[in-house]
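# Architecture at a glance
As a plain string of letters, each chain reads:
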Amino acid sequence: MDSALTDPHNGSAEGAGPTNGTTRPPSTPEGIALAYGSLLLMALLPIFFGALRSVRCARGKNASDMPETITSRDAARFPIIASCTLLGLYLFFKIFSQEYINLLLSMYFFVLGILALSHTISPFMNRFFPANFPNRQYQLLFTQGSGENKEEIINYEFDTKDLVCLGLSSIVGVWYLLRKHWIANNLFGLAFSLNGVELLHLNNVSTGCILLGGLFIYDVFWVFGTNVMVTVAKSFEAPIKLVFPQDLLEKGLEADNFAMLGLGDIVIPGIFIALLLRFDISLKKNTHTYFYTSFAAYIFGLGLTIFIMHIFKHAQPALLYLVPACIGFPILVALAKGEVTEMFSYESSAEILPHTPRLTHFPTVSGSPASLADSMQQKLAGPRRRRPQNPSAIYEESNPKDPAAVTESKEGTEASASKGLEKKEK
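These numbers were taken from a predicted model, which means no experiment stands behind them.

### Quick word on the pairing of strand β3 (residues 137-144)
- Across eight bridges, β3 lies against strand β4 (residues 151-159) in antiparallel orientation. For L141, the partnering residue across the bridge sits in β4 and is N155.
- Linking β3 to β4, which pair antiparallel, is a turn of six residues; within it G145 sits at a positive phi near 90°.

Right, dumping it as structure tokens:
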């Protein structure tokens with residue numbers, strides 16, 4: 001995962017300077033401000049719209065758009081998996097030829113980028129299709145096995161409108177594959193970010209804190225402790241980062257002095273901000289306090305990252321500033337409003353699986369483990385109905401007599417009881 005913010009201007013050692021020994025001319029203050037402002041705006045777009053789409057995704061019933069829920073176990077393992085992947089890519093670039101690796105990765109991300117961009121623009125493109133557009137439904141189904149052992153591998157439903165979006169996305173894909181232009185790179189990067197925020201869901205706030213805390217350490221170590229992340233970010237020719245040229249005003253669209261922002265700095269805080277939006281909606285107060293708070297915290301954190309990077313002229317781990325801001329600001333608001341318990345007991349996955357029982361609080365039980373087990377067993381068992389022992393009673397319950405017969409039977413029983421009482425007195 002690339003999550004470093006780099007500033008390759010003024011021909012610094014961190015920059016992707018020319019290889020012919022010439023020094024890159026310094027960027028103008030206007031060009032630097034334009035690059036930083038564009039990176040900030042491009043980072044905010046997928047977070048905002050991805051969070052809104054995550055709400056519809058959680059409520060949707062389409063199996064192809066069901067989100068992937070991240071549990072606390074997944075969050076704890078993610079920094080380790082990301083570290084192994086990052087180190088593996090670094091070793092690959094050191095051992096094998098960079099051209100062949102990037103060619104293979106370009107083909108891989110070419111396919112993924114087309115699918116991601118098609119899924120991103122599909123809701124917007126549907127507004128431009130006429131009402132009489134001949135829209136047909138299709139289904140792509142791959143199964144494994146036969147009979148009762150048949151298992152679905154791919155089950156994707158789409159229509160003619162989706163095919164049109166796929167064709168438009170393919171044009172961008174071919175442009176990226178042939179030219180590696182920074183605009184095509186950013187279109188794919190924005191699509192990846194928006195889909196990540198939309199389809200990756202944290203199940204609760206505690207899981208989000210675990211994930212962001214682990215990646216906080218991951219980001220700081222691989223940026224400040226080694227040159228691994230910066231090396232991979234500059235060598236990896238794939239749309240895993242957003243870039244913007246700082247010499248755009250001088251060279252136009254052919255500019256090549258880029259500042260870059262890793263997609264990890266967008267998606268990881270973005271899925272936490274989307275979780276807080278769904279929490280706001282669950283409160284049913286018609287306010288989005290926690291969403292706007294965390295969104296403003298992200299702007300503050302990323303702005304602070306850019307400022308410090310510009311001052312020290314060194315790549316910065318953006319999560320070093322984003323994680324404390326995105327976690328701290330909403331928790332302070334929850335403390336002020338007295339909603340900390342509601343925040344940490346909220347379960348986002350309950351929206352996706354509403355019929356799944358979940359334990360949201362733990363009973364307070366004192367005593368020995370044996371008494372705890374007995375109390376839990378009694379709560380689970382609950383009150384039981386007494387079963388009638390007399391078979392005739394069971395028959396009478398299922399075949400009640402008419403009212404007259406019941407009255408006669410009652411009178412006969414009372415008469416026999418009074419006769420027995422008279423005999424006892426004699």
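### Observations regarding the pattern of salt bridges
- Under the defined criterion, the tally for this structure stands at six salt bridges.
- The shortest N-O distance in the salt bridge between E198 and R53 comes to 3.3 Å. Note that E198 is positioned in helix α5 (residues 182-199) and R53 in helix α1 (residues 29-59), a separation of 145 residues in sequence.
- Between D256 and K251 there is a salt bridge whose closest N-O contact spans 3.3 Å.
- The class for D256 is partly exposed, based on a relative accessible area of 37%.
- The class of K251 is partly exposed, set by a relative accessible area of 44%.

### Describing the packing of α1 against helix α10 (residues 289-312)
- Close contact between α1 and α10 brings their axes to 11 Å; oriented N to C, the two are set at 155°. Relative to α10, the element α1 is oriented roughly antiparallel. When you trace α1 past α10, the crossing you get is right-handed. Listed contacts from α10 to I32, Y36, L40, A43, L44, I47, F48 and A51 of α1 are F291, F295, Y298, I299, L302, I306, M309 and H310.
- Looking at the contact of α1 with α10 residue by residue, the class counts come to 15 nonpolar, one polar and no charged.

### Quick word on the UniProt feature "transmembrane region" (unreviewed entry) in the protein chain
- Per the UniProt record, "transmembrane region" (unreviewed entry) is found at residues 33-55, 75-93, 100-121, 199-224, 258-277, 289-312 and 318-336.
- End C-alpha atoms of residues 289-312 are separated by 35 Å, and the span's content is 100% helix alongside 0% strand.

### Quick look at unusual backbone geometry
- In the Ramachandran plot, N286 falls in the positive-phi region, its phi being about 60° despite a non-glycine side chain.
- As for its placement among the helices and strands, N286 is situated in the loop between α9 (264-283) and α10.

### A closer look at the nonpolar core
- In terms of nonpolar packing, the biggest core is built from 81 residues, with F236, I266 and Y298 touching the most fellow members.
- Per-element accounting of this core gives the leading share, 11 residues, to α9.
- For F236, the contacting residues outside a window of four places in its chain are L89, F93, N102, L105, F109 and K241.

So, how was this worked out
- Residues numbered from 1 in each chain as written.
- Predicted model: local features only at pLDDT ≥ 70, side-chain atom pairs only at ≥ 80, totals over all residues.
- Heavy atoms only, no water.
- Pairing = 2+ DSSP bridges.
- Helix = DSSP H or I, 4+ residues; strand = E, 2+ residues; numbered from the N terminus.
- Salt bridge = Lys/Arg side-chain N within 4 Å of Asp/Glu carboxyl O.
- Buried < 20%, exposed > 50% of the residue type's maximum accessible area, 1.4 Å probe, protein only.
- Axes fitted to C-alpha atoms, helices over the stretch in contact; angles between N-to-C directions.
- Parallel < 35°, antiparallel > 145°, perpendicular 65-115°, else oblique.
- Left-handed = near helix turned anticlockwise from the far one by under 90°.
- Contact = heavy atoms within 4.5 Å.
- Nonpolar A, V, L, I, M, F, W, Y, C, P; charged D, E, K, R; others polar.
- UniProt positions renumbered as here; feature names shortened; annotations may be inferred.
- Core = buried A, V, L, I, M, F, W, Y, C linked by side-chain atoms within 4.5 Å.

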